[in-house]
Amino acid sequence: GKEVNGASRWVEVGAFNFQPSEIAKWAMPLLVAWWCVRVGPRICEFRRGFLPPMFALLLVSGIVGVEDLGTAVLILAVGVVVLAIAGVRIRHLALLVPVGGAAVAAAILHSPYRVQRLLAWRDPFEDPQGIGYHIIQSLSAIAGGGVAGRGLGQGVQKFGYLPEATTDFVFAIVCEELGLAGAALVIALLVALLWSGLAIIAPSDPRLRPPTFRRLLGLGILLTIGFQALMNVTVVTGLAPTKGIALPLVSHGGTGWVLTAFSLGILISIERAAIGDVAARCSEVESAGDATLVDAVA
């Protein structure tokens, strides 16, 4: 693959580059949702229900984690939550804690740059011109914005001081130029997006509730966006070690941006399909000539 900033996360096809990890990130919720519906009540069983999707999640996360630990953790976390909602026994999921912890620790210790990121997260000012430089510049951008910000386009950290200012650390630039108010607005918009998605997969009106597969797939999409946004904000603000995680729909990008928008389109189609199902039931009852049932369905 193509190496950028010491990591080989991109594949070149002619004039185009794409990230296979992004394809895996959005494909795994689809696979897990399909499996949960396929096995039905047997999802509670360890061997025939829990083990196959968990093996797939661990395999894909392990491959992705070689170059991109943050995305690997994201894939695994989303898959585990979808399985839990689908009915997997909690004691089965608990078996992942020691396995997952050991795998993450091994991945960190195997890569010296990941160890350096942990050290920088613990105390970035111990080496301000080396491993701590990135997070210090991010915090400087956030602090420089204050409440009102320097003004749109007036930030200075993006001019060669803060690395990845348009991608993984764009939220710091938002804080610098638009201040606390702008940062709160971005977070509020993301929360509103997730809230709207929840209204689609779990509406208050049970007649509009999509089938189980659509609900689980929609949940996986929302969890991916929500967890990714949370990871990005915590990294940018210094609450978590630095990872290559973009802010959904805000960071500059190619594969990730397109697939995020595509997945949101799927979420909208789930709502349309649910409304279409209700309309179809109304038509069927109306054609049967029972006005009372038509009123009940409508």
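A quick note: this is a predicted structure, and the numbers were derived from the prediction, not measured. (Residues numbered from 1 in each chain as written. Predicted model: local features only at pLDDT ≥ 70, side-chain atom pairs only at ≥ 80, totals over all residues. Heavy atoms only, no water.)

Things to note about the overall build of the protein chain
Okay, step 1: Looking only at helices and strands, the protein chain has 11 helices and 3 strands in total.
Okay, step 2: Ordering the α and β elements of the protein chain from the N terminus gives β-β-β-α-α-α-α-α-α-α-α-α-α-α.
Okay, step 3: Each principal axis of the C-alpha distribution contributes one length, and for the protein chain these read about 75 × 50 × 40 Å.
Okay, step 4: Taking all 298 residues of the protein chain together, 40% fall into the buried category.
Okay, step 5: Element-wise, carbon and sulfur atoms account for 68% of the exposed surface of the protein chain, whose accessible area totals about 15700 Å². (Helix = DSSP H or I, 4+ residues; strand = E, 2+ residues; numbered from the N terminus. Buried < 20%, exposed > 50% of the residue type's maximum accessible area, 1.4 Å probe, protein only. Areas by Shrake-Rupley, 256 points an atom, 1.4 Å probe, with all protein chains shown as cover.)

Description of the packing of helix 1 (residues 20-39) against helix 2 (residues 46-65)
Okay, step 1: Packing of helix 1 against helix 2 brings their axes to within 10 Å, and their N-to-C directions diverge by 175 degrees. In this view, helix 1 runs roughly antiparallel relative to helix 2, as classed from their interaxial angle. Along its contact with helix 1, which presents Ser21, Ala24, Met28, Leu31, Val32, Trp35 and Val39, the element helix 2 presents Arg48, Gly49, Pro52, Pro53, Ala56, Leu57, Val60 and Val64.
Okay, step 2: Here the residues of the contact of helix 1 with helix 2 sort into 12 nonpolar, 2 polar and 1 charged. (Axes fitted to C-alpha atoms, helices over the stretch in contact; angles between N-to-C directions. Parallel < 35°, antiparallel > 145°, perpendicular 65-115°, else oblique. Contact = heavy atoms within 4.5 Å. Nonpolar A, V, L, I, M, F, W, Y, C, P; charged D, E, K, R; others polar.)

As for the nonpolar core
Okay, step 1: Core analysis: the biggest nonpolar cluster contains 37 residues, and Ile43, Leu57, Leu83 and Leu267 have the highest contact counts within it.
Okay, step 2: Counting only elements with at least two residues in this core, the list comes to helix 1, helix 2, helix 3 (69-86), helix 8 (170-201), helix 9 (212-236) and helix 10 (255-288).
Okay, step 3: Sequence-distant contacts of Leu83, defined by excluding residues within four places in its chain, comprise Val32, Cys36, Ile43, Pro53, Met54, Leu57 and Val88.
Okay, step 4: In terms of nonpolar packing, the next biggest core, distinct from the first, is built from 18 residues, Leu162, Phe171, Val174 and Leu190 among them. (Core = buried A, V, L, I, M, F, W, Y, C linked by side-chain atoms within 4.5 Å.)

Focus on the packing of helix 3 against helix 9
Okay, step 1: Here helix 3 crosses helix 9 at 140 degrees, and the two axes come no closer than 9 Å. Considering their axes alone, helix 3 and helix 9 lie oblique with respect to each other. The two elements helix 3 and helix 9 meet at a crossing, and its hand is right-handed. Contact with helix 3, carried on its side by Gly70, Leu74, Ala77, Val78, Val81, Val82, Ile85 and Ala86, involves Leu216, Leu219, Gly220, Leu223, Thr224, Phe227, Gln228 and Met231 of helix 9 and no other residues of that element.
Okay, step 2: Split by residue class, the contact of helix 3 with helix 9 holds 12 nonpolar, 4 polar and no charged. (Left-handed = near helix turned anticlockwise from the far one by under 90°.)

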